[in-house]
Amino acid sequence: MKKILFITQYFPPDNSPAGYRVKSFIESLNNENSEIFLITTYPHYRKTEEAYKFEPIEEVNIKRIKLLSSKNIYTKTLNEIIFMILSIINSLRIKDVKIVFVSMPPIFTGFSGLIVSRIKHSKFIVDIRDLWVDLAIDLKFIKNSLLIKILSKIEKSILNSASLITCATDGY
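Undergrad: Looking at this structure, how should I read the side chain of aspartate 127?
TA: Within the secondary structure, aspartate 127 sits in strand β5 (residues 123-128). The contacts of aspartate 127, once residues within four sequence positions are left out, are Arg21, Phe25, Phe101, Val102, Ser103, Met104, Thr166 and Cys167.

Given below as structure tokens:
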């Protein structure tokens, strides 16, 4: 049986399109030939009344990580770093993972998947919805040229290390 590890900050019942995208990947791979593990967060994105009504997915081992209340860009970034560290730690407890699948942005989730896939000598799949560094620059969240250079190298390393990259849409 092949073990597949998914790492994503967004997953239902969190009301995020990214989470539903990952859920569809999991449902399509969830069969008798695979054992699915998911490391994600408790709902924190566009909370609804349904946000805390968890529906288990049959045969999927889910580990949820609690994040801080995110009120601004600084706590959001801190949450992303916390998730990165805790997802790496929790991933190391899962033995014999053959595939590590990450959904990004954020870049920190991709970085945790890269680290885990290297430690476990696993195939590394990246589902990318936006180029995180470009998005952060366009939105003027990052202006420091040294930080942009460092984050761009990390993002490039993540993408170059991937065995497979999936995208939400074709580029333009």
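From this point, the narrative continues.
Undergrad: Please explain the pattern of salt bridges as it appears in this structure.
TA: Opposite charge on two side chains permits them to pair, given that their charged atoms come into close proximity. Counting across every chain of the model gives 1 salt bridge. Here lysine 23 makes a salt bridge to glutamate 27, at a shortest N to O gap of 3.8 Å. With lysine 23 and glutamate 27 both in helix α1 (residues 17-29) and 4 residues apart, the pair spans about one turn of that helix. Lysine 23 gets classed as partly exposed once you look at its relative accessible area, which sits at 22%. Given a relative accessible area of 46%, glutamate 27 falls into the partly exposed group.

Undergrad: Hey, could you run me through the environment of serine 87 in this one?
TA: When you line up the elements, serine 87 lands in helix α2 (residues 73-91). Taking the C-alpha atoms as reference, serine 87 lies 9.6 Å from threonine 41; in sequence the two are 46 residues apart. There is a polar contact of 3.0 Å between the side chain of serine 87 and the backbone oxygen of methionine 84.

Undergrad: So what exactly am I meant to see when it comes to the packing of α2 against helix α3 (residues 107-120) here?
TA: Between two packed helices, what matters for the description is the angle formed by their axes and the separation of those axes. Direction vectors running N to C along α2 and α3 enclose 15 degrees, while the axes themselves pass 9 Å from each other. Comparing their axes, α3 and α2 come out roughly parallel. In this structure, the crossing between α2 and α3 has a hand that is right-handed. Of the residues in α3, those in contact with Thr77, Glu80, Ile81, Phe83, Met84, Ser87, Ile88 and Ser91 of α2 are Phe108, Thr109, Phe111, Ser112, Ile115, Val116 and Lys120. Its residues assigned to classes, the contact of α2 with α3 shows 8 nonpolar, 5 polar and 2 charged.

Undergrad: Is there a simple way to explain unusual backbone geometry in this structure?
TA: Trans peptide bonds make up most of the peptide bonds, and negative phi angles are found at most residues other than glycine. Cis geometry is adopted by the peptide bond preceding proline 105, which originates at methionine 104 and carries an omega value of 10 degrees. For proline 105, the position within the fold is in the loop between β4 (97-104) and α3. Here the amide bond leading from proline 105 into proline 106 is cis, since omega sits at 5 degrees, within 30 degrees of zero. Phi angles above zero are rare outside glycine, and aspartate 96 is one such case at about 60 degrees. Take aspartate 96: it is sitting in the loop between α2 and β4. A positive phi is found at histidine 121, a non-glycine position, where the angle reads about 55 degrees. Tracing the chain through its elements places histidine 121 in the loop between α3 and β5. On the basis of relative accessible area, histidine 121 is assigned to the exposed category, the value being 74%.

Undergrad: Mind showing me how you'd approach the nonpolar core here?
TA: Side chains of nonpolar character tend, in soluble globular proteins, to be buried together. Leu5, Val100, Ile107, Phe124, Val126, Trp132 and Ile158 are the most contacted members of the largest nonpolar core, which has 29 residues in total. Within the residue set of this core, elements represented by two or more residues are β1 (2-7), β2 (34-41), α2, β4, α3, β5, α4 (132-138) and α5 (145-161). For phenylalanine 124, the contacting residues outside a window of four places in its chain are Val100, Val102, Gly110, Gly113, Leu114, Ser117, Ile158, Ser161, Ala162, Ser163 and Leu164. Counting 11 residues, the second-largest nonpolar core is a separate cluster that includes Phe6, Phe11, Val22 and Ile99.

The rules behind each value
- The written sequence of each chain sets the order in which its residues are numbered from 1.
- Owing to the predicted nature of the model, reporting of local features is limited to residues with pLDDT of at least 70; listing and counting of side-chain atom pairs is limited to 80 or more, with chain, interface and lining totals taken over all residues.
- Only hydrogens and water are set aside; all other atoms, that is, all heavy atoms of the structure, feed into the side-chain values.
- For helices the rule is a DSSP run of H or I covering at least 4 residues; for strands it is a run of E covering at least 2, with both sets numbered from the N terminus onward.
- In this analysis, two residues are considered to be in contact whenever any of their non-hydrogen atoms come within 4.5 Å of each other.
- Whenever Lys or Arg places a side-chain nitrogen within 4 Å of a carboxyl oxygen from Asp or Glu, that contact is recorded as a salt bridge.
- Here the term buried applies to any residue with accessible area under 20% of the maximum for its type, exposed to any over 50%, and partly exposed to those in between, with areas from a 1.4 Å probe on protein chains only.
- Any pair of nitrogen or oxygen atoms within 3.5 Å is treated as a polar contact; in protein, a donor-acceptor pairing is required on top of that, and neighbouring residues in sequence qualify only through side-chain atoms on both sides.
- Axis definition: a line fitted to C-alpha atoms, over the contacting stretch in the case of helices. Angles run 0 to 180 degrees between N-to-C directions.
- To sort the angles, those under 35 degrees are grouped as roughly parallel, those over 145 as roughly antiparallel, those from 65 to 115 as roughly perpendicular, and the leftovers as oblique.
- Note: crossing handedness is left-handed where the near helix turns anticlockwise from the far helix by less than a right angle, and right-handed where it turns clockwise.
- Side-chain classes follow a simple rule in which Ala, Val, Leu, Ile, Met, Phe, Trp, Tyr, Cys and Pro form the nonpolar group, Asp, Glu, Lys and Arg form the charged group, and the remainder, Gly included, forms the polar group.
- Here the nonpolar core consists of buried residues drawn from Ala, Val, Leu, Ile, Met, Phe, Trp, Tyr and Cys, with membership extended through side-chain atoms lying within 4.5 Å.

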